[in-house]
Amino acid sequence: FQQIMSICKIEQSQTNNHVVRTKTTTTTSKILTYPNHKKPTTTHPQDYGILSVVFQLYTTPKIHFKIPPTVFYPQPKVDSALLGLHFLGPTSLRRRLAGVSPAHLRSVVTTAFQQRRKTVRNGLKKLALEVYGGDAERVKEFFERSA
């Protein structure tokens, strides 16, 4: 996560606010996955996670086109895609964050996706306990209201 955040910070501080990279289609589909995709597909696997959240928060990602393995030497055993990342400017980013502190957001996102097989709710229970001073009943009420 820290590497992703540093890439975003570097790109935001530069005059060039657009990056184009070749990535595997697996990686690009993870970046472009949105929540609530019930059925995994090639373009939307059930891989909504930290890559999806961070890249969709700080950039407008777009797959320009797919690249077959035949254009590389030696040929990889995976398909690739040309991924464009348009980094948001400070004003757009502030609007998207809607008053949330970047440090607090980083803490929530990191905590939510720290354990691979857990749901976001289960991943956030520890953080919620910290926020509510260890009061498990208030945490339970919070998650019931949020459902």
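Within each chain, residue numbers correspond to sequence positions counted from 1 in written order. Note on the predicted model: pLDDT of at least 70 is required for a residue's local features to be given, and 80 or more for side-chain atom pairs to be given and counted; whole-chain, interface and lining totals, by contrast, use all residues. Here the side-chain values reflect all heavy atoms present in the structure, with hydrogen atoms and water set aside.

1. Comments concerning the overall build of the protein
Check the secondary structure of the protein and you find seven helices and three strands. Note on conventions: DSSP H or I runs of at least 4 residues are helices, E runs of at least 2 residues are strands, and numbering of each starts at the N terminus. Written out in order from the N terminus, the α and β elements of the protein read α-β-α-α-β-β-α-α-α-α. Residue exposure (1.4 Å probe, protein chains only): buried if accessible area is under 20% of the type maximum, exposed if over 50%, otherwise partly exposed. Each of the 147 residues in the protein was classed as buried or not, and the buried ones make up 29%. Per-residue and other accessible areas follow the Shrake-Rupley method at a 1.4 Å probe size, with only the shown protein chains counted as cover for residues. Accessible area for the protein stands at about 10,200 Å²; split by element, carbon and sulfur atoms hold 55% of it.

2. Considering the packing of helix α2 (residues 25-32) against helix α3 (residues 50-58)
Geometrically, a packed helix pair is captured by the angle between its two axes and the distance between the axes. Lines are fitted to the C-alpha atoms to define the axes, a helix being fitted only along its stretch in contact, and any angle between axes, read from their N-to-C directions, falls within 0 to 180 degrees. For the pair α2 and α3, the least separation of the axes is 6 Å and the interaxial angle reads 65°. Classified by the angle their axes make, α2 and α3 are roughly perpendicular. In this structure, α2 uses Lys-30, Ile-31 and Leu-32 to contact α3, whose residues at the interface are Leu-51, Ser-52, Phe-55 and Gln-56. Class assignment of the residues belonging to the contact of α2 with α3 gives a composition of four nonpolar, two polar and one charged. To sort the angles, those under 35 degrees are grouped as roughly parallel, those over 145 as roughly antiparallel, those from 65 to 115 as roughly perpendicular, and the leftovers as oblique. In this analysis, two residues are considered to be in contact whenever any of their non-hydrogen atoms come within 4.5 Å of each other. Each residue is assigned to one class: nonpolar for Ala, Val, Leu, Ile, Met, Phe, Trp, Tyr, Cys and Pro, charged for Asp, Glu, Lys and Arg, and polar for all the others, Gly among them.

3. So, the confidence of the model for the protein
Known as pLDDT, the predictor's per-residue confidence is scaled from 0 to 100. Within the protein, residue pLDDT values average 78, and 77% of them lie at 70 or more. Taking the mean pLDDT of every element in the protein, the minimum, 54, falls on helix α1 (residues 2-13) and the maximum, 92, on strand β2 (residues 59-67).

4. Comments concerning the nonpolar core
Here the nonpolar core consists of buried residues drawn from Ala, Val, Leu, Ile, Met, Phe, Trp, Tyr and Cys, with membership extended through side-chain atoms lying within 4.5 Å. If you look at the biggest cluster of nonpolar residues, it comprises eight residues: Val-53, Val-54, Leu-57, Tyr-58, Leu-88, Leu-93, Leu-97 and Val-109. Among the secondary structure elements, those contributing two or more residues to this core are α3 and α4 (90-97). Looking at which element gives the most residues to this core, the answer is α3, with four residues. Counting seven residues, the second largest nonpolar core, distinct from the first, contains Ala-112, Leu-127, Tyr-132 and Val-139.

5. What about the packing of helix α5 (residues 102-112) against helix α6 (residues 120-131)?
It is the contact of α5 with α6, at a shortest axis distance of 8 Å, that shows an interaxial angle of 125°. By the angle between their directions, the pair α5 and α6 is classed as oblique. Crossing of α5 against α6: the hand is right-handed. Contacts between α5 and α6 involve Ser-107, Val-108, Thr-111 and Ala-112 on the former and, on the latter, Val-120, Gly-123, Leu-124 and Leu-127. In terms of residue class, the contact of α5 with α6 is made up of five nonpolar, three polar and no charged. Note on convention: the crossing is left-handed when the near helix lies turned anticlockwise from the far helix by less than a right angle, right-handed when the turn is clockwise.

6. So, unusual backbone geometry
Cis geometry marks the peptide bond from Tyr-73 to Pro-74; its omega dihedral reads -10°. With respect to the secondary-structure elements, Pro-74 resides in the loop between β2 and β3 (80-87). At Ala-98, a residue that is not glycine, the phi angle is positive and equals roughly 50°. Mapped onto the fold, Ala-98 is located in the loop between α4 and α5.

7. Structural notes on the sheet that holds β3
In space, the three strands of this open sheet follow the order β1-β3-β2, with antiparallel pairing throughout. The open sheet is flanked by β1 (18-24) and β2, the only strands paired with a single partner. Between one strand axis and the next, the sheet turns by 25° as a mean value, whatever way the strands run. For two strands to pair, DSSP has to find at least two bridges joining them. In this structure, β2 lies alongside β3, joined through eight bridges in antiparallel fashion. From the neighbouring strand, Pro-61 faces β3, where its bridge partner is Leu-85. On top of the sheet, α3 reaches β2 and β3; it is set at about 110° to β2, its chief contact.

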